[in-house]
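Reading the structure
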Amino acid sequence: MKFSRRDLLIGSAGATAGFLLTPVPWKLLGDVSIWTQNWPWIPQPVRGPVETTQSFCTLCASGCGIRARMAAGYPVGISGVRNHPITKGALCPLGFAAHQLNWHPQRLREVRHRGRAASWAEARAAFEKARKEGPVAVVDGRSGRAASSVLEAFAKKENDSYQVVPSVESQALAPYADWSGDPVSAFGYDLENVRTIVSFGAPLLDGWGAPGRFTRLWSERAVGAADPQLRLIQIESSLSRTAGCAWQWVPVREGSEAQLAAGVARVLLEEDLVAAQGPMPQLSLVEVAAQTGLTTEAIRDLARKMVENRPVMVIATDGNPAIAALNVLLGAVGAPGGIIKRGERVQPQAPYEASGGSPRAILLDATVPWEFTPKTDGEVFRFAAWDGGGNKADWLLPAPGFLEELTDVPTAPTSAVDTYAVALNLVAPPAEIKGAAQFLLELDPSLRVVEQVIHRRCEELFHARRGMVYAEQAIAITEFDSAQKFEEQLRKGAVWMDSPPRISAFRCELKEWPAENNVRQGTNWAAAWAPPVLPALATKLYQESNLRELPAGRQA
Ligand code: SF4
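Residues numbered from 1 in each chain as written. Predicted model: local features only at pLDDT ≥ 70, side-chain atom pairs only at ≥ 80, totals over all residues. Heavy atoms only, no water.

Time to look at the overall build of the chain. Each helix and strand counted, the chain has 18 helices and 21 strands in total. Considering only contacts within the chain whose residues lie at least 6 apart along the sequence, 67% involve residues at least 24 apart. Counting every atom, the chain has about 26200 Å² of accessible surface; 53% of that belongs to carbon and sulfur. (Helix = DSSP H or I, 4+ residues; strand = E, 2+ residues; numbered from the N terminus. Contact = heavy atoms within 4.5 Å. Areas by Shrake-Rupley, 256 points an atom, 1.4 Å probe, with all protein chains shown as cover.)

Printed below as a string of structure tokens:
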């Protein structure tokens, strides 16, 4: 019998189909995955009673409310808290998987000096020596916490400097701080009252601000409506997820967003679409069209649509003043549905300045983003819970991981209203772990410890008698008999939220139209949001599922 190539192909196709239809390969696959999960070196949660505790995720400044399922003192599952007044049960993929982080292979568990194992005593001696030899800069990545006050007090006592690396979202608010003289931490977005948002590339629907805040508004006021209550105009060079869902997507040439802002401002002023009289940008509409790749008619149409459904607010990805200036023209500064000044308690903080002197040493708190590299010749002491690789710090100092440290949770950047919460240290940290505040407190025991600062803040809030406390139910702070009872409630996972601020205009004057170049380049949002180390579950949710795409993965 002759056996042709075609017969062979048919036979092998049949064998493949038969193989797939039998349970054998699937059983083998299942056995292999069970077998690999039981390898002895894979960490297993200790068996014990399971209980649920309410707290906060402190992996970023959003401070989302979490419910942690704890087994024998270790978190084994995380979910959101519906009663949280801002996040209302939402978490980002990192938060959902945060309980895996403390087991991550990149967890820092020892002091390292230029790649070799060292001790805390050596690190302390090196820092003290550096401090004797010259000024030291203490850099914080999340100001306003009780730990921040320790860092700041330590630095200011010896005339060292305390500086803050602002979050990407805070950087976008920096121009209003420059123009008004108020600290950037005083500003927020009144999203709840806006009707048109013009986003210059801000990833509003895929990872911006506190999870749940904008997406909830979006689902209530925009999804499925041809003429939505809340319009989103997305100005972006590529079709991101946010651009794809927006009411209108304006595909602008990459890097020409500030020029487009100038063109829109020109139309707003020339056509009297706003009450402001100036200043008029230098660029003509024809020049803007040439630089942005849009037609002059498309730019005119954009400016008219922006003011069709007011209040309107512009949100940028970075602190480009030419884009922020549009809010001044639109009357969206110090107005409902615009940029509002919220905090009465905020203190000015010096942003990190690469040129700010030449410190002998720089101490970076664990809240400073991993990819931040100070431009300095000084010795760098870097606190971190996880080693993201490629860091040039002289000293890597192992910091507390997820839920391993008592901390307070001040107002999230971009929030329209002040909040305050306390996250307890629910998990015992490994013995060799130490936070930057603890390290400095050991050098100067006269400073007020984190616990005392939290206690004092609770007393201040209690005596101010403002706002509500969100626990199982919302209770007015005036219902509490004592500051101690109020603090106890916060330690159980409740959130204090201030009364909505009285929105009033604040001085934000533009003498001339800002230069249309990227004066203050913010960190790329995707890079800033991606942590150096992802837990396995977050990798699934965040990368493999394409839940959040990096710019390179977007459609052109
Ligand atoms: S946004 Fe994510 S990482 Fe940040 S606090 Fe919320 S859950 Fe945690």
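Once you've had a look at it, read on.
In this structure, the amide linkage connecting Gly278 to the following residue, Pro279, adopts the cis form with an omega of 0 degrees. Tracing the chain through its elements places Pro279 in the loop between α10 (257-270) and α11 (285-292).

The next point concerns the confidence of the model for the chain. Confidence along the chain averages 86 in pLDDT terms, with 83% of residues attaining 70 or more. Low confidence marks residues 519-529, where pLDDT is under 50. Its contacts with residues over four positions away, or in another chain, come to 33 contacts. Low confidence marks residues 548-556, where pLDDT is under 50. Its contacts with residues over four positions away, or in another chain, come to 21 contacts. (pLDDT = per-residue confidence, 0-100.)

On to helix α12 (residues 296-306), then. Those residues of α12 not exposed but buried are Ile299, Leu302, Ala303 and Met306. The arc that holds every buried residue of α12, seen down its axis, measures 95 degrees, which confines them to one face. (Buried < 20%, exposed > 50% of the residue type's maximum accessible area, 1.4 Å probe, protein only. Arc of directions from axis to C-beta.)

With antiparallel pairing, the five strands of this open sheet are ordered in space as β17-β18-β21-β19-β20. Each of the sheet's edge strands pairs with one partner strand only, and the pair in question is β17 (407-410) and β20 (474-476). Taken over all neighbouring pairs, the strand axes of this sheet differ in orientation by 20 degrees on average, direction set aside. Where strand β19 (residues 468-470) and strand β21 (residues 495-497) come together, three bridges link them in antiparallel fashion. Following the sheet pairing, Met468 is matched in β21 by Met497. (Pairing = 2+ DSSP bridges. Axes fitted to C-alpha atoms, helices over the stretch in contact; angles between N-to-C directions.)

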